[in-house]
Amino acid sequence: MTQVNNRQKLVIIGNGMAPGRMLEHLLEMDSNAFDITIFNSEPRVNYNRLMLSPVLSGEKSYEEIITHDDAWYAEHGICLHKGEKITRIDRETKQVISESGRIAAYDKLVIATGSSPFILPIEGADLNGVVTYRDLDDVETMLTAAQSGGHAVIIGGGLLGLEAAAGLKQQGMEVTVLHLMPTLMERQLDEAAGYLLAQAFERLGVNVLTKASTKRIIAENGCVNALELEDGRVLETTMVIMAVGIRPSAALAKDAGCEVNRGIIVNDAMQTSVADIYALGECAEHNGMCYGLVAPLYDMAKELAKTLLGEAGNYQGSVTATKLKVTGIDLYSAGDFAQGSDREEIVLRDASAGVYKRLVLKDNRIIGAVLYGETSDGPWFFDMLKKQTDISEMRETVIFGQAYQGGAQVDPMSAVAALADDAEICGCNGISKQTICSAIKDKGLTSLDEVRAHTKASASCGSCTGLVEQLLAYQLGDSYNPQAVTPVCPCTDLGHDEVRRLIIAKGLRTIPQVMQELEWKSSCGCAKCRPALNYYLVCAWPGDYADDYQSRFINERVHANIQKDGTYSVVPRMWGGMTSSNQLRAIADVVDKFNIPSVKVTGGQRIDMLGIAKDDLPAVWEDLGKAGFVSGHAYAKGLRTVKTCVGTDWCRFGTQNSTGFGIRLEKFMWGSWTPAKLKLAVSGCPRNCAEATCKDIGVICVDSGYEIHFGGAAGLEIRGTEVLCTVPSEDEALEYIVALTQMYREQARYLERIYKWAHRIGFDEIRDRLMNDATARKAYFERFVQSQKVAQVDPWEERVSGHDAHEFTPLATISSEAAE
Amino acid sequence: MNAQSKNWLEIGRLEDIPVRGARKVKLGSVTIAVFRSANDKVFALEDSCPHNAGPLSEGIVHDDCVTCPLHNWVISLSSGEAQGADQGAVSRYPVEVVDGVIRLCTSPLASYAGEADG
């Protein structure tokens, strides 16, 4: 195109979040205005620096935090020089020159060099093993160091230092935080709240030393070996992280003749004192303020994009709010906390609930807010802070939050309706109510995912998801179908799928953590959500998650089926439905010994002993165990039975060894927990004597191989199965069945049988995933194998050897005389 | 020994009961379920759901309630009453924890006011 030659050259130095966002605005307004070249001293594309802490703690990977990948730059015709540092700007010839000698001419230049961490000028600060916490290289250095364990000392108990501490602790290091002041985050929190925070960190296993001034870092062979405090204490450590603050990187701009104070001075249009040079982000200073949080950088980005396109931007400074991104610790702070005679405070404490709220007021207006333990009102306070709302009318109750301001706002719908158009909904991305509402209206959005895709609201940390959903409901009225998401139970508004997604996304690892992070409405859940959460965690973190027995239904807690009179039934496993005289004799002996009233053959080809007193269970299992029986899991939301016919062993019609394959499947899959019970069958020929076509998963053996079926039901509903595929070998059949089971384990909602799940997401979708994507299929298979490594423990044997003994004996037995 | 102290018996220690769990105490022919809630409060109810006599001690304990394992009735541990739309109540026994030791009074409390009959 001839146009290309006329385009202005825009050069950007730095490729952090601020210029990334600026480019998005710029391209959206006019994708054709500039030839764009970016120099990035980091050898990477643009990523979300806010998410470094989750990367450090292992909850996210680098790939997950990329904002713009290589394809994005290519698509927009942007030339990105990765790993090239600009060393000089020549304002006369309007060129920038890189370390490697590359020269680029500009019509307009944006400096976005960010900031660099402040390094304490102490002995040993330059040693190997002293790191800062700034970019992905730092995170990688820390992660590598964490692999060999050891002790890390973090200097600085501010947001960044504390996030680093939590992350490294989660990576298995011993961690100590040193803080110069008597309490943590003293700028935001008073003594008591700082103490609560320190306590919370101690509970995470992080040592917190306050009033700790570092004297020097001691070396051994050129590496960090220990750290000495001014008071003489010496801490042994292999890594020291400096998180004491940042300073704007302004040297390059200064050399080019830009006016520089702490940062590069810019006006409201983000222009520096030199023509055609602009600055943006942490390196910029506007009205005497330098910013280190993301929201102001985004504000600047928007204004600069306008300026570059000839419509003078008008940046007016930002008030900032921040959240501590440490799983399980809720801290929100916004605004200004300096003491002053013209300032008043409102403080609310609830020590036993670990809640602390503090508002700093000036002239009946909120100028600062700190919330600890319960942060849901943060955005509301922040909105009033930004708008300088006069709160004298609600002064008595303001600290209790939005829900207490008049009856109407208790209804979340009217609360969201009452929000001003410019109220910020998504703090991470600076998205206002108006932006979301217009997107819903103009683009015809109907779901949370669509809103995320179009506006980015709730796409970063996700804490505003609830508000966004309310906006959807508010905008769409009846046409928004909240029924589409049925909450797990009355303890939450979230549906099963959302809960499962968030467990993985946020790396939630215990039931209390899920309830805390996902804002459960009850203190410890109910009989509906707790077993569901327990399963989701078992499935998400095999081997890692400690099963919460108190959240399991009684049957799964005592590994037998409770009956109407409070006795239990016991079903030993008979692999593939095969048994022997020895097994039958052992069962007969147990029945006699314990006076078991009923013995019954089940539909799944097993033997059920009914009417056993709970106290007798361990003794019954012990005798069964001696005969080689393990639990039949007849009580489990897990693999129950694999029913078989006699196949080629005996049957004159059998085409394959259906009994052998059934036993193999059962031995491979027993012990696995699934969303609902899972019943399998293998028939040796299409006569289908094992009734495989009404099972969750069934196999019909044919001459050419194995026809795999799934999604049958023969209980509350009756449904024939559908065919997944036909494979020639037993090994392949095993792989497909196991992969299907794992897909079901990972996707289905608790108590949802395979047939319901398959109808919900589509049989074709499942076939497509398992048949046409060998990598995905093998990955499912591998994940199942992985989780089986810890699942195949016979629960009966465990209990015979004393596990959970309290379940099977009364706490006390008191004769009636003693009770008189 | 006065009459009152005779009625109170030590039945075990707090840590003998799992958090959000229960243990049974057999008192002659009666079974009493002794519960320990998430915040270590202890309650004692007759181990028999007012619906179909299900063993409440085997239920899932949440907040100050237990869900009966047989048909999911939810019973308040403090009042013994069925929650929600269900009606009925179960006998409560006074229980206390002193220095980690659980003491149970062997005579049930008077019926809860407003107990539903049938």
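The preceding data block contains the structure.
Cut-offs used in this document
Residues numbered from 1 in each chain as written. Chains lettered and ligands numbered in written order. Predicted model: local features only at pLDDT ≥ 70, side-chain atom pairs only at ≥ 80, totals over all residues. Heavy atoms only, no water. Core = buried A, V, L, I, M, F, W, Y, C linked by side-chain atoms within 4.5 Å. Buried < 20%, exposed > 50% of the residue type's maximum accessible area, 1.4 Å probe, protein only. Contact = heavy atoms within 4.5 Å. Axes fitted to C-alpha atoms, helices over the stretch in contact; angles between N-to-C directions. Helix = DSSP H or I, 4+ residues; strand = E, 2+ residues; numbered from the N terminus. Parallel < 35°, antiparallel > 145°, perpendicular 65-115°, else oblique. Left-handed = near helix turned anticlockwise from the far one by under 90°. Phe/Tyr/Trp six-rings, centres within 6.5 Å; stacked < 30°, edge-to-face > 60°. Lys NZ or Arg CZ within 6 Å of the ring centre and 35° of its normal. Pairing = 2+ DSSP bridges. Salt bridge = Lys/Arg side-chain N within 4 Å of Asp/Glu carboxyl O. Expected span 1.5 Å × (residues − 1). Nonpolar A, V, L, I, M, F, W, Y, C, P; charged D, E, K, R; others polar. Buried area = accessible area lost by both parts, 1.4 Å probe. Polar contact = N/O pair within 3.5 Å; in protein donor to acceptor, adjacent residues only side chain to side chain.

A.B. asks: Would you mind showing me how to read the nonpolar core here?
C.D. replies: Across soluble globular proteins, nonpolar side chains have a tendency to be buried as a group. Residues and elements named next belong to chain A. Ranked by size, the top nonpolar core spans 95 residues in total, and within it Met-22, Ile-36, Ile-89, Val-96, Leu-168, Leu-197 and Phe-201 carry the most contacts. Ignoring anything within four residues of it in the chain, the contact list for Met-22 reads Ile-12, Val-110, Leu-280, Ala-301, Leu-304, Ala-305 and Leu-308. Of all hydrophobic cores here, the second largest spans 67 residues; its members include Val-488, Ala-560, Ala-586 and Trp-796.

A.B. asks: I'm lost on the packing of helix H2 (residues 17-29) of chain A against helix H9 (residues 294-308) of chain A in this one. Help?
C.D. replies: Working note: a packed helix pair is described by the angle between its axes plus the distance between those axes. Residue and element names in this part refer to chain A. At a minimum axis distance of 8 Å, the contact between H2 and H9 shows a crossing angle of 40°. For the element pair H2 / H9, the angle class is oblique. As for how H2 packs across H9, the hand of that crossing is right-handed. The residues of H9 that touch H2, namely those facing Met-17, Ala-18, Arg-21, Met-22, His-25, Leu-26 and Met-29, are Val-294, Leu-297, Tyr-298, Ala-301, Lys-302, Leu-304, Ala-305, Lys-306 and Leu-308.

A.B. asks: Honestly, the packing of aromatic side chains in this entry has me stumped. Any pointers?
C.D. replies: The geometry of an aromatic ring pair is captured by two quantities: the separation of the ring centres and the angle between the planes. Residues and elements named next belong to chain A. The full count for this structure, using the stated rule, is 14 aromatic pairs over all chains. Here Tyr-291 and Tyr-315 contribute two aromatic rings whose centre-to-centre distance is 6.5 Å and whose plane-to-plane angle is 85°, an arrangement assigned as edge-to-face. One end of the pair, Tyr-291, is in the loop between strand E22 (284-286) and H9; the other, Tyr-315, is in the loop between H9 and strand E23 (321-323), with 24 residues separating them in the sequence. Residue Tyr-315 is classed as buried on the basis of its relative accessible area of 2%. Between Trp-621 and Phe-808, the ring centres sit 5.7 Å apart and the planes meet at 85°, which makes this aromatic pair edge-to-face. Remark: Phe-808 occurs in the loop between helix H27 (795-800) and strand E41 (812-814) and Trp-621 occurs in helix H20 (residues 617-626); sequence separation between them is 187 residues. Assessed through its relative accessible area of 4%, Phe-808 is described here as buried. An aromatic cluster is built from Tyr-535, Tyr-536 and Tyr-750, whose rings are joined through pairwise contacts. Sitting over the face of the ring of Tyr-298, Arg-21 holds its NZ or CZ atom 3.8 Å from the ring centroid. Above the plane of the ring of Trp-575 lies Lys-667, whose end atom (NZ or CZ) is 5.1 Å from the centre.

A.B. asks: I keep staring at the sheet that holds strand E1 (residues 8-13) of chain B and nothing clicks. Help me out?
C.D. replies: Hydrogen bonding along the main chain pairs the strands of a sheet, whether they run parallel or antiparallel. Residues and elements named next belong to chain B. Within the open sheet, the three strands sit side by side as E1-E10-E9. Their pairing is antiparallel. Only two strands of the sheet have a single neighbouring strand rather than two, namely E1 and strand E9 (95-98). Across this sheet, the average inter-strand angle for adjacent strands is 30°, counted without regard to direction.

A.B. asks: Explain the pairing of strand E35 (residues 678-683) of chain A here, please?
C.D. replies: The side chains of a regular strand alternate between the sheet's two faces. All names here are of chain A. For E35, the tally of buried residues reaches five of six residues, placing the bulk of the element in the interior. The pairing of strand E34 (residues 639-644) with E35 spans four bridges and is classified as parallel. The residue bridging Val-642 from the neighbouring strand is Leu-680, located in E35. Bridge analysis of E35 against strand E36 (residues 697-702) gives four bridges, and the strand direction is parallel. In the sheet register, Ser-683 faces E36, and the bridge partner there is Ile-700.

A.B. asks: Any chance you could explain the pattern of salt bridges here in plain terms?
C.D. replies: For side chains bearing opposite charge, pairing can occur when the charged atoms are close. Overall, the coordinates contain 59 salt bridges over all chains when judged by the stated rule. One salt bridge connects Lys-387 of chain A with Asp-383 of chain A, and the closest N-O pair in it is separated by 2.8 Å. With Lys-387 of chain A and Asp-383 of chain A both in helix H10 (residues 378-387) and four residues apart, the pair spans about one turn of that helix. Look at Asp-383 of chain A and you get buried, because its relative accessible area is 12%. The salt bridge partner of Asp-548 of chain A is Arg-20 of chain B, with a shortest N-O separation of 3.0 Å. On the criterion of chain membership, the pair formed by Asp-548 of chain A in the loop between helix H17 (529-540) and helix H18 (554-558) and Arg-20 of chain B in the loop between E1 and strand E2 (21-27) is interchain, its members lying in two chains. In the salt-bridge network here, residues are joined through shared partners; they are Arg-557, Lys-614 and Glu-807 of chain A together with Lys-24, Asp-47 and Glu-58 of chain B.

A.B. asks: How do you make sense of helix H7 (residues 191-203) of chain A when you look at a structure like this?
C.D. replies: Residues three or four positions apart in an α-helix share a direction because the helix packs 3.6 residues into each turn. Residues and elements named next belong to chain A. Its 13 residues place the ends of H7 18 Å apart at the C-alpha level, agreeing with the 18 Å of an ideal helix rising 1.5 Å per residue. When we look at burial in H7, the residues that qualify are Ala-193, Gly-194, Leu-196, Leu-197, Ala-198, Ala-200 and Phe-201. Residues of H7 that are buried sit in contact with helix H6 (159-170), strand E14 (206-209), strand E24 (331-335), strand E26 (355-362) and strand E27 (365-372). Two residues or fewer past H7, Gly-205 is found with a positive phi of approximately 95°.

A.B. asks: Please explain the packing of helix H19 (residues 581-593) of chain A against H20 of chain A as it appears in this structure.
C.D. replies: All names here are of chain A. Where H19 meets H20, the closest approach of the two axes is 9 Å, and the angle between their N-to-C directions is 160°. Between H19 and H20, the crossing angle belongs to the class labelled roughly antiparallel. Considering how the two elements wind past one another, H19 and H20 form a crossing that is right-handed. On H20, the residues touching Ile-587, Val-590 and Lys-593 of H19 are Val-620, Asp-623 and Leu-624. By residue class, the composition of the contact of H19 with H20 is four nonpolar, no polar and two charged.

A.B. asks: Please explain the interface of chain B and chain A as it appears in this structure.
C.D. replies: Where the parts come together, the accessible area they lose is often given as the size of the interface. Counting residues at the interface gives 30 residues for chain B, matched by 35 residues for chain A. Looking at the side of chain B facing chain A, the largest losses of area belong to Arg-20, Glu-58 and Ile-60 of chain B, adding up to 26% of the total buried there. Counting the contacts that link chain B with chain A gives 15 residue pairs in polar contact (both at pLDDT 80 or more). Only helix H1 (3-7), E1, E2 and strand E5 (60-62) of chain B provide two or more residues apiece to the side of chain B that touches chain A. When residues of the side of chain B that touches chain A are assigned to their parent elements, the largest contribution, six residues, is made by E2 of chain B. Grouping the amino acids of the side of chain B that touches chain A by side-chain chemistry returns 13 nonpolar, nine polar and eight charged. Relative to E2 of chain B, E41 of chain A runs parallel, the two being bridged by three bridges. Paired with Ile-814 of chain A across the strands is Leu-27 of chain B, a residue of E2 of chain B.

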